[in-house]
Amino acid sequence: LALYEKARLEAKALGNGAQALSTLDEHRRRFPGGVLTSEVAFTRIDLLMQLGKRAEALAAIDQGLHGALGRERGAELHLMRASLLAGGGDCNAALQAAGAAREAGVLPSRLEAIERRCATPSLEPEGR
C-alpha cells in the first residue's frame, strides 16, 4: 500500500508522472500477485496515457482486458482504448472500442468526444 500511495503522491502532488510510473513498476516487481495488482495496473495505464506513451498504454490495456483487471474495469479500459486510438487517428478501431465500451456500460455522454472526433464528414453538397 505504501508504494501505491507513494506513486499517487508523486503523480498528483508532485506532478512527477515518470517517477510515479517507476514506483508502480517497483510495486509490480515486488508484489506480482498482491491485492492491489489491478489498481496498480489501472493507475499505470492512466499514467502511461498522461505521459504520452500511447503504444505502451495500448499494450497494457490489451493485456488488462484479458485478466482480472478487464473483469473489474473492462468498461473503463475500453473507453481508454477508444480515446487512445482516436487520438492516434485510428478511427475505425476507436469506434469499435467505443462500441465495446458502450456494451460494457459506459455512459454515452462519455463517448461523445471520441465519436465526434471520428465522425465522418457529410458527403452531401451544402444547401441540401
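See above for the structure.
Residues numbered from 1 in each chain as written. Predicted model: local features only at pLDDT ≥ 70, side-chain atom pairs only at ≥ 80, totals over all residues. Heavy atoms only, no water.

1. Observations regarding the nonpolar core
Going by this rule: To qualify as a nonpolar core, a set must consist of buried Ala, Val, Leu, Ile, Met, Phe, Trp, Tyr and Cys residues joined through side-chain atoms within 4.5 Å. When accessible area is computed with a 1.4 Å probe and restricted to protein chains, residues below 20% of their type maximum are described as buried, those above 50% as exposed, and intermediate ones as partly exposed. Helix and strand definitions follow DSSP, with helices as H or I runs of at least four residues and strands as E runs of at least two, each counted in order from the N terminus.
If you look at the biggest cluster of nonpolar residues, it comprises 32 residues, and the most contacted ones within it are Ile-45, Leu-77 and Ile-114. Elements with a contribution of two residues or more to this core: helix 1 (2-12), helix 2 (17-30), helix 3 (37-50), helix 4 (54-65), helix 5 (68-87), helix 6 (91-103) and helix 7 (108-117). At 9 residues, the largest contribution of residues to this core is made by helix 5.

2. Concerning the pattern of salt bridges
Threshold: A side-chain nitrogen of Lys or Arg and a carboxyl oxygen of Asp or Glu constitute a salt bridge if their distance falls within 4 Å.
The final tally for this structure, using the stated rule, is 9 salt bridges. In this structure, the salt-bridge partner of Glu-10 is Lys-6, at a minimum N-O distance of 3.4 Å. Pair noted here: Glu-10 and Lys-6 are both in helix 1, with a separation of 4 residues, about one helical turn. Classification of Glu-10 as buried rests on a relative accessible area of 7%.

3. Quick word on the state of the cysteines
Note the following rule: Disulfides are defined as cysteine sulfur pairs within 2.5 Å.
Scanning the model with the defined rule gives 1 disulfide in all. Linked covalently through their sulfurs, Cys-91 and Cys-118 form a disulfide whose S-S length is 2.3 Å. Sign of the S-S torsion, about -75° for the bond between Cys-91 and Cys-118, identifies this disulfide as left-handed. Separated by 27 residues along the polypeptide, Cys-91 in helix 6 and Cys-118 in the segment after helix 7 bring together distant segments of the chain.

4. Comments concerning the packing of aromatic side chains
The condition that has to hold: We call Phe, Tyr and Trp rings a pair once their centres come within 6.5 Å, taking the six-membered ring for Trp, and we label the pair stacked below 30 degrees between planes, edge-to-face above 60, and tilted otherwise. Lysine NZ or arginine CZ positioned within 6 Å of the ring centre and within 35 degrees of the ring normal marks a charge as sitting over the ring.
The final tally for this structure, using the stated rule, is 0 aromatic pairs. The ring of Phe-42 has Arg-73 lying over it, and the distance from NZ or CZ to the ring centre is 3.6 Å.

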